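Notes for the structure review
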Amino acid sequence: MAQQQKPKMKKIKTVKDVNGVPTEVEIEVPDTGGPTWGPRGSHTLLNHDIERVDGPAKATGAAKYTYDVRVPGMLYGRVLMSPHACADITSVDTSAAEAMPGVKAVVTLNDKQVKYEGDPVAAVAAITPEIAEDAVRTIKVAYKKRPHAVTYQQATKAGAPAVYQNAPDNVRKQGGSGDRAKAEAALMTADATVEREFVIGMQHHACLETHGVMVDYTGGDTATVYASTQGTFTIPNDAAGALGMKVEKITAIVEYMGGGFGSKFGIDLPGQIACRLSKKANAPVRLMLSRPQEFLAAGNRNGALQRVKAGASKDGKLVAMVAEQYDLGGLGEGGLAGLPYIYHVPTVYQESNSLHTNQDSSRAMRGPGHPQTSFAMESIMDDLAAKIGMDPIEFRKANTGDAFYHRQLDTAAKEIGWERRPKTPGGGTVYGPYKSLKRGMGCGAATWGGGGRPECQVDVFVKQDGSIAVQVGTQDLGTGSRTYTAAIVAEEMGLPVKAVETRIGNSKYGQANASGGSTTTASLAPAVKVAAVNAKGLLFAAAAPMLGVKPEELSAANGKLFVTADPNKSMTWKQACATLGAAGISARGEWSSELAGNGVHGVQMAEVEVDTETGHVRVLKMVGVQDCGLALNRRAVQSQLNGGMIQGLGYALLEEHWVDEATGCMLNPSLEEYKLPGAMDMPEMVSLIDDGDTREVVIGMAEPAAIPGASAIANAVFNACGARITSLPITPDKVLTALNAKA
Amino acid sequence: MADKRDEQGADPGLSRRQFLRGVGVVGAGAGLADELLGGEKAEAAPLSQAPAGAILKPGMQKVTLNVNGADTTMEVEPRTTLLNALRNHADPPITGPKLICDQGACGGCTVLLDGKTMYGCMLLAVDAVGRKVTTVEGLARDGKMSPVQEAFVEKDAMMCGFCTPGFIMSVESLLQTNKNPSLEQIKAACSGNVCRCGTYPHIFEAAMAAAAKMRGGA
């Protein structure tokens, strides 16, 4: 019958996680030809400011997050976690909890050994959260403490306890490149060299909605799992295992979720535990981590220890670098982007290592592995620029040939007023009531792969009555995927965004990838576009005879279908839909590589004010310039860029995971003491989309936005007061110590 | 735990049995669960009718709260916070106020109590009896969002949206007393709220826009 022709294939670049760091790889996909986004200026909705379609739901409290789902008979789960960083469990006695009125299920999760504070031991489900809290307190766990290492200093001391038996000195070599002797020799030829040790502690995602799920299971052979996750389709498999059920019997729902930032994939600990409790009680269970538990057991951005030597020539060229990088990811293997990051250094020796401690495993966090490396590299850049007496922007331009960076540096410099900065570090005017304030500026740059993956299956439905819906199982983390999904369909059909109903966040809808590595937009948007084009084709085919033309002669705009060559020959959208059969149209779209791109940059600059008496740093202004191919929704891109810069500000000045070496415990697992940036910390912020990027593809940009902010602030502090702070966050004590050492 | 509370002076007139029932104490026996859930429910004293200064006993209490203009009756323990009462005990649940830090550090649970901002996690439900509680669900009039809510949508003053109800309540409260706030005053009014996505600049814009809208008599 029909010839079974093998589809034409083409090679495309995409991004896969290699050791937690997104890496570009080449894969083969069907070559479909297909639609294009069209040039800049050709859009009516896309590349404009689009109102978030779920804005009203979020602003009125109607949006239901996992934490908000409550069904009749639902129980409240609570986890008991280890208070010790390393201990053997000798007994777990849950009898009191089991006997407690209102307690419906108790499970022991671990009766052998705990390896970090926060390691789950037991859990309960009860009819009220208050009773569940009481019940976990009655569980008696006998521990035999073992020696722990919770800081890198503890882990590298002679005779330190081994966190893993197969890594006796707690160090695992992960990779590297270059010849150390050659790099050292090349350094000798440099006109200026700098040697630094950079230390960064763990940062926490601090998602406002803690990790958790609501398992709606009442004993039958089906279950619905509401999950606060970045991957709707990561849930059913995990839940099926935990509930002992077939995957297809499980529906995962992620209508709204309160922040993930890389920490929410799979059903995770709370999900596994909730499933066990639910199964045992034959009742729905909602289990959300408490705020302290969220700090202890929901991951972190791995810390970093980086020893760097670098040199430059008088004429502004980087010459050589020797870099030892250790990621401090607790029990996990974190990751760090390799130095020299985005700049060209001819002779490099670089090594990557993981250094283990008895702390919760690190997880991906917005731009995983990049902000740490950026901080080291950009600090080195300004140190060297100062030594050879060159402007930091010019020095950067001299060491990268990428036109994006050159353009973005110029744009940001103009916006922040770069010419106002002190020409030498600490060389500016002292002002203020006590003559203690000094200002300075700094910059940093980022890189990210992003790219799309060929997983999404998007359906567009058009009904006879003119209603139109787009459906895909993807999730919206707050990035605005729901909104651009509606907008892409609306633009294609010539309708207002509000005319399109968007159904997302359900594993019974079409397949979609998890939101990691800024791949959502480049994976989802192309499939939405293709689905919309396909639906439009079907609608044109049905409606064209009514206008006496061929389908390809039609266009859609302003709520009408019309003959392209003769716009007076037209029909309203509703009239066109009335030509459809009773079943309406259902059209599927899959990913098209033509519509997705990868590789973004990003430059950020900061102006700060340093109080040289108190060591306090205040950020006065931040400017971000970001490329992302075609910006589907400019307002949402600006929101993301603002958010990235603000998280960078927190990383630079405020956020610090304190752990006590003696007890092995985190000292600040609360929002009172783990400082997130607040309203009073906000500088003037300018978020600019780099319109010099005219690529007709979409590329995710959420991760690069969170990379260079801390680097820019650290360099601004250096520029203001001449003190190089080599550790984040830049707290007043570090500033005063550095100023003192300098004096 | 239970012993400690005993020492700390539970009402001496309170029977051991009622006490146990109240705190769900260790080893009290499974039979008590039934009482907690069923039989003795009717005994719970309606708090809204309790005389002023009445000593509250542990265990489920019937309370009537005035939320968004309507009385709603539910059973809570004396230790239940207003936030948890709204979210976990009211029927239907009122989930606009979010539980985020549970210690008055983030503002996610901000409500208006007799018109003034209050953290829902820092007030016991029983202490809200007889007062007017307004949550983000209670701001719309005849299905139309308040000017503050509208401005939050227009200015994209939200990303994940989890902190949004709390910020909206703080801005509502500010604009009730200050029709023309400066940027610094807006920041101060929002300083008890935390956003992790980093929406602040757009929240400030939204507050400015809402103030202008309200001054214009919209």
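Residues numbered from 1 in each chain as written. Chains lettered and ligands numbered in written order. Predicted model: local features only at pLDDT ≥ 70, side-chain atom pairs only at ≥ 80, totals over all residues.

Residue and element names in this part refer to chain A. Relative to the assigned elements, Gln575 resides in helix 14 (residues 573–578). Since 15 C-beta atoms lie within 10 Å of it, Gln575 is described here as partly exposed. Residues Gln575 and Thr373, spaced 202 residues apart in sequence, show a C-alpha to C-alpha distance of 58 Å. (Helix = DSSP H or I, 4+ residues; strand = E, 2+ residues; numbered from the N terminus. Buried ≥ 20, exposed ≤ 12 C-beta atoms within 10 Å, placed from the backbone.)

Summarising burial for helix 5 (residues 147–154) of chain B: seven of the eight residues are buried, a large majority. For helix 5 of chain B, the set of buried residues is Pro147, Val148, Gln149, Glu150, Ala151, Phe152 and Val153 of chain B. Those residues of helix 5 of chain B hidden inside the fold are in contact with helix 1 (55–60) of chain A together with helix 6 (164–177) and helix 8 (200–215) of chain B. Asp156 of chain B sits one or two residues past helix 5 of chain B and shows a positive phi near 55°. (Contact = placed C-beta atoms within 7 Å.)

Residue and element names in this part refer to chain A. In space, the six strands of this open sheet follow the order 9-17-16-15-10-29, with mixed pairing throughout. This sheet does not close on itself; its edge strands, each paired only once, are strand 9 (171–177) and strand 29 (727–728). Sheet topology places strand 9 next to strand 17 (residues 347–355); six bridges connect them, and they run antiparallel. Bridge pairing links Arg172 to Ser354 in strand 17. (Pairing = 2+ DSSP bridges.)

Residues and elements named next belong to chain A. We note that the domain assignment places domain 1 (9–63 + 451–595), domain 2 (66–146 + 211–288), domain 3 (171–197 + 303–401) and domain 4 (403–447 + 597–743) within chain A. For domain 2 versus domain 3, the separation of C-alpha centres amounts to 41 Å. Facing the eight residues of domain 2 at the interface are 10 residues of domain 3. When the residues that make up the side of domain 2 that touches domain 3 are grouped by side-chain class, the tally is four nonpolar, three polar and one charged. (Domains from an automatic or database assignment. Nonpolar A, V, L, I, M, F, W, Y, C, P; charged D, E, K, R; others polar.)

So, about the sheet that holds strand 12 (residues 223–227) of chain A. Residue and element names in this part refer to chain A. The mixed open sheet is built from seven strands, whose spatial order is 5-7-3-14-11-12-13. Every interior strand has two partners, whereas the edge strands, strand 5 (103–108) and strand 13 (250–253), have only one. Strand-to-strand, the axes of this sheet are offset by a mean angle of 20°, without reference to chain direction. One ladder, built from five bridges, connects strand 5 with strand 7 (residues 120–126); its direction is antiparallel. Across the sheet, Val103 pairs through a bridge with Ala126, a residue of strand 7. (Axes fitted to C-alpha atoms, helices over the stretch in contact; angles between N-to-C directions.)

Attention now moves to the pairing of strand 2 (residues 70–76) of chain B. All names here are of chain B. As judged from the seven bridges shared by strand 1 (residues 61–67) and strand 2, these two strands associate in the antiparallel manner. Opposite Asn66, over in strand 2, you have Asp71 as the bridge partner. Counting the residues between successive antiparallel strands, the hairpin from strand 1 to strand 2 contains two residues, one of them, Asn68, with a positive phi of roughly 55°.

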